[in-house]
Amino acid sequence: MKIVITIGGSIIIKDHDYKKFRDYAEVLRNINEENEIFVVVGGGTTARDYIGIARSLGVSEAMCDDIGIEVTRLNAKLLIAALGDYAYPVVPHNFREAMQFASSNRIVVMGGTEPAHSTDAVGSILAEFVGAELLINATSVDGLYNKDPNKYPDAKMFTEVKPSKMMELMSTKDIKAGTYEFFDMTAIQIIKRSGIKTVILNGGDPNNIKTAITGKIGTIILQE
Ligand code: UTP
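Just so it is clear, the model here is predicted, and its values are computed rather than measured.

Procedures and definitions
- Residues numbered from 1 in each chain as written.
- Predicted model: local features only at pLDDT ≥ 70, side-chain atom pairs only at ≥ 80, totals over all residues.
- Heavy atoms only, no water.
- Axes fitted to C-alpha atoms, helices over the stretch in contact; angles between N-to-C directions.
- Helix = DSSP H or I, 4+ residues; strand = E, 2+ residues; numbered from the N terminus.
- Parallel < 35°, antiparallel > 145°, perpendicular 65-115°, else oblique.
- Left-handed = near helix turned anticlockwise from the far one by under 90°.
- Contact = heavy atoms within 4.5 Å.
- Core = buried A, V, L, I, M, F, W, Y, C linked by side-chain atoms within 4.5 Å.
- Buried < 20%, exposed > 50% of the residue type's maximum accessible area, 1.4 Å probe, protein only.
- Near = heavy atom within 4 Å.
- Polar contact = N/O pair within 3.5 Å; in protein donor to acceptor, adjacent residues only side chain to side chain.
- Areas by Shrake-Rupley, 256 points an atom, 1.4 Å probe, with all protein chains shown as cover.
- Nonpolar A, V, L, I, M, F, W, Y, C, P; charged D, E, K, R; others polar.

Asker: Outline the packing of helix α6 (residues 119-130) against helix α8 (residues 185-194), supporting the account with residue identities and numerical values.
Answerer: Across the interface, α6 lies against α8 with an axial gap of 8 Å and an inter-helix angle of 20°. Between α6 and α8, the interaxial angle falls into the category roughly parallel. As α6 runs across α8, the sense of the crossing is left-handed. For the pair formed by α6 and α8, the contact residues are Asp-120, Ala-121, Ser-124, Ile-125 and Glu-128 on the first element and Thr-186, Ala-187, Ile-190, Ile-191, Arg-193 and Ser-194 on the second.

Set out below in structure tokens:
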């Protein structure tokens, strides 16, 4: 099966700990034995720190996004290092390069592409590009909630959700560099039009990704 896996920076670079990269690499190598996988890595707090500095310097939001993209690519490079020979050694900067690098039969790992969205959008566009059957979004919470579970203890998680409902939840969110919360609008629109099966799950334990391939976990985004 062709699978695109988006790993939030909030997961992989959270503690600046090499073990997270190592553990992810082990699970990804394992999944790769029976599947063709593409990985998109986020920027996490490191990206937000850099964006914060840039914003204080008074640069444009697009420039802040661009700095965030560089950080996501740096994180992608670390995952490539952890994967060793299993990964294509270069981080693609766009989807054409990702397709090209995939012909090596190695795992392609990328970060961001262009300003104004997050790596969630990159994952959904990549999934559409390569004709993935499954898109997995590994995040820092168990799935998609009706409100931020870190702020509201009464937040409820959806086991299934349609893109239109997600858009409703998104409508009040800010669109600024470093603040594309839980899922950005571009990602939802792409998932809606392509109908790719998408699962949002807790990436704290990389083994949850294996569970998503064979069983049920997190929030499943249904077709309209
Ligand atoms: P992330 O995808 O990590 O953003 O990219 P995020 O959703 O804010 O953070 P986590 O990782 O899920 O916690 C970091 C930042 O890089 C820029 C955006 O500013 C984003 O917030 N970015 C990333 C882009 O502008 N374009 C991209 O394709 C990717």
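Asker: A description of the nonpolar core should follow, citing residues and the corresponding values.
Answerer: Counting 63 residues, the largest nonpolar core has Val-4, Leu-79, Val-109 and Leu-126 as the members making the most contacts within it. Excluding its chain neighbours within four sequence positions, the residues that come into contact with Val-109 are Val-39, Val-41, Ala-76, Leu-79, Ile-80, Leu-83, Val-90, Val-91 and Pro-92.

Asker: Lay out the site of the ligand in plain terms, naming residues and giving numbers.
Answerer: Lining the immediate environment of the ligand, one finds 26 residues, of which Gly-43, Asp-65, Glu-114, Thr-119 and Gly-178 sit closest. Interatomic distance of 2.9 Å between a backbone N/O atom of Thr-113 and an oxygen atom of the ligand. When the ligand is considered free in solution it has 570 Å² of accessible area, and contact with the protein chains removes 94% of it. Where the shell around the ligand is concerned, the elements lending two or more residues are α1 (9-12), α3 (44-56), α4 (61-83) and α6. Taken together, the residues of the shell around the ligand break down into eight nonpolar, 15 polar and three charged.

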